[in-house]
Amino acid sequence: AAVREKTRGEGVDVLFECVGTRDTLDSCVGWVGALGRRGRLVLVGYHQGEEHEFRCHPIPMIVYEQTVVGSVGATLEDLKEAVQYVGEGKIRTVVDSVISLDKFQDGLDRIKSCDCVGKIVCLPCHGRR
């Protein structure tokens, strides 16, 4: 609603949705969503779970001629550069924890509930001797 207000009811031409929760997705489309006529919604972020599935009635999108596209947010060259930076120690990945394979489901549950900061690394042989 705030975007529509700031744009005098027009909405935006392009919207990058980087969060991916039901609330943020719902605020993008629909009769009063932030996306304007012939706007393009670019989905970058996502959350797991049915409560965050992208659901909308198609009629406003048809009437407003809107498009929805997905994007990984980077090119192959971006990926190569990022891997190079990691290899050189210029950037580091934040690792929340390292778990064994038998704790895999626990790790997924922590990710789904946003109960971690950074990556959870699963090593099949972690903790064995």
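That block above? That's the structure.
Residues numbered from 1 in each chain as written. Predicted model: local features only at pLDDT ≥ 70, side-chain atom pairs only at ≥ 80, totals over all residues. Heavy atoms only, no water.

1. Observations concerning the overall build of the protein chain
Cut-off, in case you're wondering: Numbered from the N terminus, helices here are DSSP runs of H or I no shorter than four residues, and strands are runs of E no shorter than two. Atoms counted for the radius of gyration: C-alpha only. Globule rule: 2.2 Å times residue count to the power 0.38. To sort residues, take the accessible area from a 1.4 Å probe on protein chains only and compare it with the maximum for the residue type: under 20% means buried, over 50% means exposed, and anything in between is partly exposed. For the accessible areas, the method is Shrake-Rupley and the probe is 1.4 Å, while residue cover comes only from the protein chains on display.
If you tally the helices and strands in the protein chain, you get five helices and five strands. Each helix (α) and strand (β) of the protein chain, taken in turn from the N terminus, gives the series α-β-α-β-α-β-α-β-α-β. In terms of overall size, the protein chain is more extended than a compact globule, its C-alpha atoms giving a radius of gyration of 19 Å where 129 residues would be expected to give roughly 14 Å. Counting over 129 residues, the protein chain shows a buried share of 22%. Accessible area of the protein chain: about 9700 Å², with a carbon and sulfur share of 56%.

2. Let's talk about the pattern of salt bridges
Our working definition: Criterion for a salt bridge: a side-chain nitrogen of Lys or Arg within 4 Å of a carboxyl oxygen of Asp or Glu.
Per the stated rule, a full pass over the model turns up five salt bridges. Glu77 is the salt-bridge partner of Lys80, the closest N and O atoms lying 3.6 Å from each other. Placement of the pair is Lys80 and Glu77 together in helix H4 (residues 76–87), with a separation of three residues, close to one helical turn. Overlapping salt bridges, with partners in common, bring together Asp96, Arg110 and Asp115 in one network.

3. What to know about a nonpolar patch on the surface
Note the threshold: What makes a patch is a set of residues exposed beyond 30% relative accessible area and free of salt bridges, joined within 9 Å when like-charged and within 5 Å when nonpolar (Val, Leu, Ile, Met, Phe, Trp, Tyr).
A cluster of nonpolar residues, Trp31, Val32, Ile59 and Val63, forms a patch on the protein surface that exposes about 410 Å² of accessible area. Positionally, Ile59 belongs in helix H3 (residues 58–63). You can call Ile59 partly exposed: its relative accessible area is 43%.

4. Comments concerning H4
Note the threshold: Expected span of a helix, by definition, is 1.5 Å for each gap between consecutive residues, and there is one gap fewer than residues.
The terminal C-alpha atoms of H4 lie 17 Å apart, and with 12 residues this matches the ideal 16 Å at 1.5 Å per residue to within 8%. Gly89 sits one or two residues past H4 and shows a positive phi near 80°.

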